[in-house]
Amino acid sequence: MSEQAVGYVFVLGTGRCGSTMVEEILARHPDAGFVSNLEDRFGWGTLGTRWNNSAYRLVPPTATRKGRVRFAPSEGYRALDREVSPIISRPWRDLTAADVTPWLSMRTRKFFERRAAAQGRPVFLHKFTGWPRAGFLGCVFPEARFVHVVRDGRAVANSWLQMSWWEGFNGPDHWQWGPLPAEYGREWSDSGHSFPVLAGILWKLLIDAHDVAFAAMPSDRWLEVRYEDLVADPSAGFKAIREFAGLKADIRFDRAVGETRFDSGRRDAYRQDLGPETVAVLTRSLAAHLERRGYQI
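Bear in mind that the values here come from a model prediction, so they are computed numbers and not experimental data.

1. Details of the pattern of salt bridges
Within this structure, the stated rule accounts for 20 salt bridges. Glu83 serves as the salt-bridge partner of Arg115, at 2.8 Å between the closest nitrogen and oxygen. Here Arg115 is found in helix α6 (residues 102–119), whereas its partner Glu83 is found in helix α4 (residues 77–83), with 32 residues between them in sequence. Take Glu83: its relative accessible area is 21%, and that puts it in the partly exposed class.

See below:
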């Protein structure tokens, strides 16, 4: 635990995997603090953050969805750039314990501890997508816990392909994830440089990084949950996450889970969006990774 006896919980995922849903629901627990999108955008620092949780719980879930004016938890990359370093927000490889320096550790701890102290909640949440950064974070915060949200890689790849900001269309020589490992580079070449295959390879690359981080982490500090399981049984799924995060049972949180609309209709949308031939190619590419996490091939 930190000096303020705050429990730090980091929600991790590849992106397009349901990690935003998990963090935003957890943030409705009255004992949870977080970085808001407003302080990220406007550079308020800790000014006004004391009321993040109270204000957020007053806003119904239907009014906090992406794509509209809203108040919600944020990954805070602008704020991290300003107050810590772009190495946190924009690394081209995963961050590990080897990247921790006294200067960077001090700035990272200060970023989170100042906000945790201002908000005065027992648990402070933060979400990172892409690289897990868990080796780095676990060294800076030895008491931290990590919730890894996993989604079927075919669904994730399909979602990336529909995002205007996805840099995979420029090829791996010009994206933010660094060069492909030799094996994945050959796979992409053999596919005829298929963009769906490249999106699937990126999912594998990031899942591999999460697996490496987990292997170096005490097992009681890491919880992996599947997006599909959470959507199928939100009550049980969020109870498990709440308990792991050190958040006490609370009827207001249970009510927030119950009031949230979980859309399971997009679970297999990739089949229609990509078509049977592309799905078959993508499934062959991801088969081993999917099977290890219980997904049907």
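Don't stop here, the text continues.
2. Some words on the environment of Gly258
Tracing the sequence through the fold places Gly258 in helix α13 (residues 251–259). Linking Gly258 and Pro234, residues 24 residues apart in sequence, is a C-alpha distance of 8.0 Å.

3. What to know about unusual backbone geometry
Peptide bonds are trans in most cases, and residues, glycine excluded, mostly fall at negative phi. Phi is positive for Arg16, which is not a glycine, with a value near 55°. The residue Arg16 is located in the loop between β1 (7–13) and α1 (19–26) in this model. Within the chain, Arg133 stands out as a residue other than glycine whose phi angle is a positive 60°. In this structure, Arg133 sits in the loop between β3 (123–129) and α7 (134–140). The buried category is assigned to Arg133, whose relative accessible area is 3%.

4. A few points about helix α8 (residues 153–161)
Burial of α8 is extensive: nine of the nine residues sit out of reach of the surface. The set of residues buried in α8 consists of Gly153, Arg154, Ala155, Val156, Ala157, Asn158, Ser159, Trp160 and Leu161.

5. Comments concerning the nonpolar core
In this structure, Val22, Trp166 and Phe238 are the most contacted members of the largest nonpolar core, which totals 60 residues. The biggest single contributor to this core is helix α10 (residues 195–215), with ten residues. Residue contacts for Trp166: discarding those within four places in its chain leaves Trp160, Leu161, Trp175, Phe195, Leu198, Ala199 and Leu202. Counting 26 residues, the second largest nonpolar core, distinct from the first, contains Val6, Leu12, Phe141 and Met217.

6. Some points on the sheet that holds strand β4 (residues 145–150)
With respect to topology, five strands assemble into an open sheet ordered β2-β3-β1-β4-β5, the strand pairing being parallel. The sheet is open, and its two edges are formed by β2 (32–33) and β5 (222–226), each paired on a single side. Two elements, β4 and β5, share five bridges in a ladder whose sense is parallel. The residue bridging Val150 from the neighbouring strand is Arg226, located in β5. Set on the sheet, α6 makes contact with β1, β2 and β3; between it and β3 the angle comes to about 140°.

7. Regarding the packing of aromatic side chains
The tally for this structure, following the rule as stated, stands at 20 aromatic pairs. Ring centres of Phe34 and Tyr56 lie 5.5 Å apart, and the angle between their planes is 70°; this geometry places the pair in the edge-to-face category. In this pair, Phe34 sits in the loop between β2 and α2 (37–42) while Tyr56 sits in helix α3 (residues 52–58), placing the two residues 22 residues apart along the sequence. Accessibility classification places Phe34 together with Tyr56 in one group, the buried group. Measuring from ring centre to ring centre gives 5.7 Å for Phe214 and Trp222, while their planes differ by 45°; the resulting arrangement is tilted. Assessed through its relative accessible area of 37%, Phe214 is described here as partly exposed. Ring pairing ties together the aromatic residues Tyr8, Phe10, Tyr77, Phe111, Phe112, Phe124, Phe128, Phe141, Phe146, Phe214 and Trp222, which thus form one cluster. Lying across the ring of Tyr295, Arg226 places its NZ or CZ 4.5 Å from the centre.

Cut-offs and rules
Residues numbered from 1 in each chain as written. Predicted model: local features only at pLDDT ≥ 70, side-chain atom pairs only at ≥ 80, totals over all residues. Heavy atoms only, no water. Salt bridge = Lys/Arg side-chain N within 4 Å of Asp/Glu carboxyl O. Helix = DSSP H or I, 4+ residues; strand = E, 2+ residues; numbered from the N terminus. Buried < 20%, exposed > 50% of the residue type's maximum accessible area, 1.4 Å probe, protein only. Core = buried A, V, L, I, M, F, W, Y, C linked by side-chain atoms within 4.5 Å. Contact = heavy atoms within 4.5 Å. Pairing = 2+ DSSP bridges. Axes fitted to C-alpha atoms, helices over the stretch in contact; angles between N-to-C directions. Phe/Tyr/Trp six-rings, centres within 6.5 Å; stacked < 30°, edge-to-face > 60°. Lys NZ or Arg CZ within 6 Å of the ring centre and 35° of its normal.

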